[in-house]
Amino acid sequence: MSSPSRDEAPLGLRAQKKRRTALDLCMAARRLAVERGLDATTVEDVAKVVGVSPRTFFNYYETKLDAVVGPVQDIGSPEGREVFIAGGPSGILIQDLTWLFAATLEPEAEVREAISLVVELIKTEPRVLTAFMAVGVRQENAVAELLSARAGAPVTPEFASLASGIMTTLTTRAAMSSTGDSAKSLTAALHEQCAMAAQLFEGPDDSSTRRGVK
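Residues numbered from 1 in each chain as written. Predicted model: local features only at pLDDT ≥ 70, side-chain atom pairs only at ≥ 80, totals over all residues. Heavy atoms only, no water.

I keep staring at the overall build of the chain and nothing clicks. Help me out?
Looking only at helices and strands, the chain has 10 helices and 0 strands in total. Tracing the chain from N to C terminus, the helices and strands come up as α-α-α-α-α-α-α-α-α-α. In the chain, buried positions account for 38% of the 214 residues. In the chain, 64% of the contacts between residues at least 6 apart in sequence involve partners at least 24 apart. Per element, the accessible surface of the chain, about 11,800 Å² overall, is 57% carbon and sulfur. (Helix = DSSP H or I, 4+ residues; strand = E, 2+ residues; numbered from the N terminus. Buried < 20%, exposed > 50% of the residue type's maximum accessible area, 1.4 Å probe, protein only. Contact = heavy atoms within 4.5 Å. Areas by Shrake-Rupley, 256 points an atom, 1.4 Å probe, with all protein chains shown as cover.)

Rendered as structure tokens:
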């Protein structure tokens, strides 16, 4: 699931301001859509909340639904992607994907709210789910590029789609599981969800405690 986050790569002041405005418009659109409904939310409303003109809004998004979806972010930082492609940091693919995706979970308070708003919107606005599914295709392509670069050969679209879907689910579950526990970071929650997912593939000789049995 797409969530507003800031890439770790150094940016010029102009680029930083543009990225911040894009994220602010996204969050304003989500908050208003949850409060009023998507149909009752206008571009003018969103622009006014952020303190920009409707004309400026259209420099970032074509529609209010596009603003709700938000900007498509890179997965991890440039440095993190280099480590991942080189086979790191652990050498275990699911753990390394989790590590890479965890880098997008900052600033944490904003990411928590962003995911929470999307979950609420999807419950009442089918158009939002459809829009995020379209964005998911772009994320699948990005994941495919990373996996192919790491493997040194193209991966199948099915494998890339599965990997992307798993990471989206783990990230969403991490946000939901940590909603009532402010002491638990999203990064820790994401790694916890990854560990639980790995338990699904354990054999009968594995410890029962590792299968979630208390």
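In this structure, what is going on with the pattern of salt bridges? I would like to understand it.
Here the structure, examined in full by the defined rule, presents 8 salt bridges. Note that Arg127 is salt-bridged to Asp39, the shortest N-O span being 3.0 Å. With Arg127 in helix H8 (residues 126-151) and Asp39 in the loop between helix H1 (13-36) and helix H2 (43-50), this pair connects stretches of sequence that are 88 residues apart. Under the relative-accessibility criterion, Arg127 is labelled partly exposed at 37%. A relative accessible area of 60% places Asp39 in the exposed class. (Salt bridge = Lys/Arg side-chain N within 4 Å of Asp/Glu carboxyl O.)

Can you help me understand a nonpolar patch on the surface in this one?
A surface patch of nonpolar side chains, amounting to about 320 Å² of accessible area, comprises Ile92, Ile94, Leu162 and Ile166. Tracing the chain through its elements places Ile92 in the loop between helix H5 (78-85) and helix H6 (93-102). (Patch = residues over 30% accessible without salt bridge, like charges linked within 9 Å, V, L, I, M, F, W, Y side chains within 5 Å.)

I'm lost on the side chain of Thr98 in this one. Help?
Mapped onto the elements of the fold, Thr98 is located in helix H6. Accessibility expressed as a relative area gives 0% for Thr98, which makes it buried. Of the polar contacts made by the side chain of Thr98, one reaches the backbone oxygen of Ile94; its length is 2.8 Å. (Polar contact = N/O pair within 3.5 Å; in protein donor to acceptor, adjacent residues only side chain to side chain.)

Whenever I open this one, unusual backbone geometry confuses me. Can you help?
Note on backbone geometry: most residues besides glycine have negative phi, and most peptide bonds are trans. Cis peptide bonds are those with omega within 30 degrees of zero, and the linkage from Gly88 to Pro89 qualifies with 0 degrees. Among the structural elements, Pro89 can be located in the loop between H5 and H6.

Sorry if this is basic, but what is going on with the packing of aromatic side chains here?
Two aromatic rings, taken as a pair, are described by how far apart their centres are and by the angle between their planes. In the structure shown here, the tally under the stated rule is 2 aromatic pairs. Taken together, a centroid distance of 5.3 Å and an interplanar angle of 85 degrees make the contact between Phe57 and Phe58 edge-to-face. Since its relative accessible area comes to 46%, Phe58 is described here as partly exposed. These aromatic residues form a ring-pair network of at least three members: Phe57, Phe58 and Tyr61. We note Arg150 situated over the ring of Phe84; from NZ or CZ to the ring centre the distance is 4.6 Å. (Phe/Tyr/Trp six-rings, centres within 6.5 Å; stacked < 30°, edge-to-face > 60°. Lys NZ or Arg CZ within 6 Å of the ring centre and 35° of its normal.)

Teacher, can you tell me more about the confidence of the model for the chain here?
Caution is warranted with low-pLDDT regions, since their predicted coordinates should not be read in detail. When pLDDT is averaged along the chain, the result is 87; 90% of the residues meet or exceed 70. Element-level pLDDT for the chain is lowest in helix H7 (residues 108-124), with a mean of 86, against a maximum mean of 97 in H2. In the predicted structure, residues 5-9 sits below a pLDDT of 50 and forms 19 contacts with residues beyond four places in sequence or in another chain. (pLDDT = per-residue confidence, 0-100.)

Explain the nonpolar core here, please?
Generally speaking, a soluble globular protein has its nonpolar side chains buried in company with each other. Of all hydrophobic cores here, the largest spans 22 residues; its most connected members are Val46, Phe57, Tyr61, Val68 and Val128. For this core, the elements supplying multiple residues, two or more each, are H1, H2, helix H4 (64-69), H7 and H8. The greatest single-element share of this core, amounting to 7 residues, is contributed by H1. In this view, Tyr61 contacts Ala22, Leu23, Leu25, Cys26, Asp66, Ala67, Gly70 and Pro71; residues no more than four positions away in its chain are not counted. (Core = buried A, V, L, I, M, F, W, Y, C linked by side-chain atoms within 4.5 Å.)

How do you make sense of the environment of Leu93 when you look at a structure like this?
The topology assignment puts Leu93 in helix H6. For Leu93, a relative accessible area of 29% translates into the label partly exposed. Separated by 57 residues in the primary sequence, Leu93 and Arg150 place their C-alpha atoms 9.6 Å from one another. Ignoring anything within four residues of it in the chain, the contact list for Leu93 reads Phe84, Leu147, Arg150 and Phe159.

Explanation requested: H5 in the structure shown.
Given 3.6 residues to a turn, an α-helix orients residues that are three or four positions apart in the same direction. Buried residues of H5: Gly80, Arg81 and Phe84, and no others. Seen end-on, H5 carries its buried residues on one side only, within an arc spanning 100 degrees. For H5, the secondary structure elements touched by its buried residues are H6 and H8. Backbone geometry just after H5 places Gly87 at a positive phi near 105 degrees. (Arc of directions from axis to C-beta.)

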